[in-house]
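Chain by chain, the residues run as shown.
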Amino acid sequence: MRHVILAALSAAAVTVSGSWAQESPDWAIVIHGGAGVIERGAMTPQREAEYRAAMLAATERGAQVLEAGGSALDAIEASIRGLEDDPLFNAGRGAVFTAAGTNELDASIMDGSNLNAGAIAGVTEIRHPITLARSVMEESRHVMLQGEGAETFAREQGLETVDPAFFFTERRWASLERQLGALGLDMPARPDGAPEPEGVDHGELDRDAREHRFGTVGVVALDRDGNIAAGTSTGGTTAKRWGRVGDSPILGAGTYASNQSCGVSATGTGEYFIRLTVASRICAYVEFQGLSLQEAADRVIQDELTALEGDGGIVALAPDGQIAWSFNTPGMYRARQSAGSAPVVAIYGDED
Ligand code: ASP
């Protein structure tokens with residue numbers, strides 16, 4: 001069944017949700033690439049095409065793994081690693097900058113078959129934070145590592161490290177300058193190893209300023225064995241300070257997966273998602289109150305998050321293959337695919 005609700009929140013914002021249930025597909029995957037003030041007409045056709053192509057490619061990477069009988073965890077990792085390398089997204093390369101002019105990356109992954117999970121926060125030299133989160137889950141006796149300790153563990157595991165300048169993009173640097181200007185804070189020195197300054201498209205910066213921090217990536221997958229997993233990776237919010245950590249690496253807030261109920265990955269202003277424990281709350285409504293996945297997602301995003309004046313959205317999957325998304329921003333980069341059907345990519349609130 002297909003279901004779309006459009007309700008005006010204000011003149012500038014709409015709330016959007018949708019769910020699609022195909023008869024128990026063998027596998028399914030749903031992806032987001034961040035939510036925000038993403039409006040038709042405010043994006044160049046070329047940029048829009050780039051985002052659609054990147055979301056499609058991410059879906060296909062995950063779908064290939066699932067079609068071949070691979071695990072939901074493998075699908076998530078394959079899908080997110082590519083997005084982390086893509087400067088369009090606020091994860092890995094292309095991450096937003098802290099007020100100090102650094103990129104501090106957060107990620108988490110959760111295995112719904114046994115509630116195992118791994119998370120990392122504030123890493124600066126790990127090329128693929130999602131892989132590090134998975135290593136924490138599989139190779140350490142801990143669930144969450146942060147900062148230097150997480151980097152040490154990554155090196156011990158032989159994970160790929162890069163110079164912090166690898167994550168630099170001119171677009172995010174210019175966004176930082178704008179944001180710090182608005183906050184009345186000084187601009188830090190350009191990072192060592194950053195490329196020579198180049199011109200940026202000021203129209204695009206205007207759009208970025210309105211979207212203010214889109215581009216976190218997240219994937220939820222259901223594999224042929226019936227296992228659900230979820231993963232999320234982000235650079236956090238532009239000009240974040242004092243070691244700020246958002247919801248993306250917080251299990252239950254930005255990421256959650258349980259074969260008993262659902263899997264969720266979130267994007268939005270993390271402070272609200274932490275306070276509401278958005279991801280596990282949706283699954284709890286499914287498991288303990290008998291709500292459908294879409295009802296649960298809408299209750300948390302359209303009702304509770306909106307009441308707190310938080311903004312953002314989620315993608316979710318149920319064990320029967322039902323896919324849902326819900327967001328209270330004008331747009332969310334998103335895509336979905338189930339076994340036997342073609343991938344669907346959407347950006348704006350009026351698409352499904
Ligand atoms: N949720 C992320 C954070 O607060 C940001 C985002 O999803 O745009 O760190």
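Above this text you will find the structure in question.
To keep things clear, this report deals only with the structure shown in the data block. Because the structure is a prediction, the values reported are computed rather than measured. Just so you know, the residues in each chain are numbered from 1, in the order the chain's sequence is written. Only residues with pLDDT of at least 70 are given local features in this predicted model, and only at 80 or more are side-chain atom pairs given and counted; all residues enter the totals for whole chains, interfaces and linings. Side-chain calculation: all heavy atoms of the structure are included, whereas hydrogens and water are not.

**Remarks on the state of the cysteines**
Only a pair of cysteine sulfur atoms within 2.5 Å counts as a disulfide in this structure description. Throughout the structure, instances matching the rule amount to one disulfide. In this model Cys-262 forms its disulfide with Cys-283; the gap between the sulfur atoms is 2.1 Å. In this structure the cystine formed by Cys-262 and Cys-283 twists about its S-S bond by roughly -100°; its chirality is therefore left-handed. Here the residue Cys-262 occupies a position in the loop between β9 (255-257) and β10 (263-268), and Cys-283 occupies one in helix α8 (residues 278-289), the gap between them amounting to 21 residues. Across the pair, exposure class does not vary: Cys-262 and Cys-283 are buried alike. Starting at the N terminus, helices and strands are each numbered in turn, a helix being any DSSP run of H or I of at least four residues and a strand any DSSP run of E of at least two. When a residue's accessible area, from a 1.4 Å probe over protein chains only, is under 20% of the maximum for its type it is buried; when over 50% it is exposed; and in between it is partly exposed.

**Describing the pattern of salt bridges**
Put simply, a salt bridge is a Lys or Arg side-chain nitrogen that is within 4 Å of an Asp or Glu carboxyl oxygen. Counted under the stated rule, the structure contains 14 salt bridges. In this structure, the salt-bridge partner of Arg-127 is Asp-85, at a minimum N-O distance of 3.1 Å. Within this pair, whereas Arg-127 is found in the loop between β5 (116-123) and α3 (129-139), its partner Asp-85 is found in helix α2 (residues 72-85), the two being separated by 42 residues in sequence. The partly exposed category is assigned to Arg-127, whose relative accessible area is 22%.

**Quick word on the pairing of strand β14 (residues 344-348)**
Most of β14 sits inside the fold, with four of its five residues counted as buried. Note: strand β13 (residues 331-338) against β14, four bridges, orientation antiparallel. Each residue of the ladder has a partner; that of Arg-336, found in β14, is Val-344. With antiparallel pairing between neighbouring strands as the criterion, β13 and β14 make up a hairpin whose turn holds five residues, including Gly-340 at a positive phi of roughly 85°. Strand pairing follows a simple DSSP-based rule, namely that at least 2 bridges must link the two strands.

**Observations regarding the pairing of strand β3 (residues 28-36)**
Across the nine residues that make up β3, a large majority, nine, are buried. Bridge count for β3 against strand β7 (residues 217-222) is five bridges, and the pairing is antiparallel. When the sheet's bridge partners are listed, Ala-28 is paired in β7 with Leu-222. In the sheet, β3 pairs with β13 via seven bridges, with the strands oriented antiparallel. Each bridged residue has a counterpart across the sheet, and for Ile-31 the counterpart in β13 is Ala-335.

**Some remarks on the environment of Ala-342**
By the element assignment, Ala-342 lies in the loop between β13 and β14. With relative accessibility at 57%, the residue Ala-342 sits in the exposed group. Sequence spacing of Ala-342 and Ala-121 is 221 residues, and the spatial spacing of their C-alpha atoms is 35 Å. Other than its neighbours up to four places away in sequence, Ala-342 contacts Arg-336 and Gln-337. The contact criterion used is simple: two residues touch if any of their non-hydrogen atoms lie within 4.5 Å.

**Overview of the packing of aromatic side chains**
The pairing test for Phe, Tyr and Trp rings, Trp by its six-membered ring, is centres within 6.5 Å, and the orientation test on the planes gives stacked under 30 degrees, edge-to-face over 60, and tilted for anything in between. Tallying each qualifying case throughout the model produces six aromatic pairs. Ring centres of Tyr-51 and Tyr-333 lie 4.1 Å apart, and the angle between their planes is 15°; this geometry places the pair in the stacked category. Within this pair, whereas Tyr-51 is found in helix α1 (residues 45-67), its partner Tyr-333 is found in strand β13, the two being separated by 282 residues in sequence. Among the residues examined, Tyr-51 registers a relative accessible area of 1% and is labelled buried. On the basis of an interplanar angle of 40° and a centroid distance of 5.7 Å, the ring pair of Phe-168 and Trp-173 is categorised as tilted. Using a relative accessible area of 5% as the deciding quantity, one classes Phe-168 as buried. Members of the aromatic cluster, each reached through a chain of ring pairs, are Tyr-51, Phe-89 and Tyr-333. Over a ring means this: the NZ of a Lys or the CZ of an Arg is within 6 Å of the ring centre and within 35 degrees of the ring normal. The lysine or arginine in question, Arg-93, covers the ring of Phe-166, its NZ or CZ lying 5.8 Å from the ring centre. Above the plane of the ring of Trp-325 lies Arg-334, whose end atom (NZ or CZ) is 5.0 Å from the centre.

**Thoughts on the sheet that holds β14**
As summarised here, the arrangement of the eight strands in space is β6-β5-β4-β8-β7-β3-β13-β14, forming an open sheet in which the pairing is mixed. Each end of this open sheet is capped by a strand with a single partner; those strands are β6 (144-146) and β14. With strand direction ignored, the average angle separating the axes of adjacent strands in the sheet is 10°. Pairing of strand β4 (residues 105-111) with strand β8 (residues 228-234), which is carried by six bridges, proceeds in the antiparallel orientation. Angular values range over 0 to 180 degrees, each being the angle between N-to-C directions of two axes fitted as lines to C-alpha atoms, with helices fitted over their stretch in contact.

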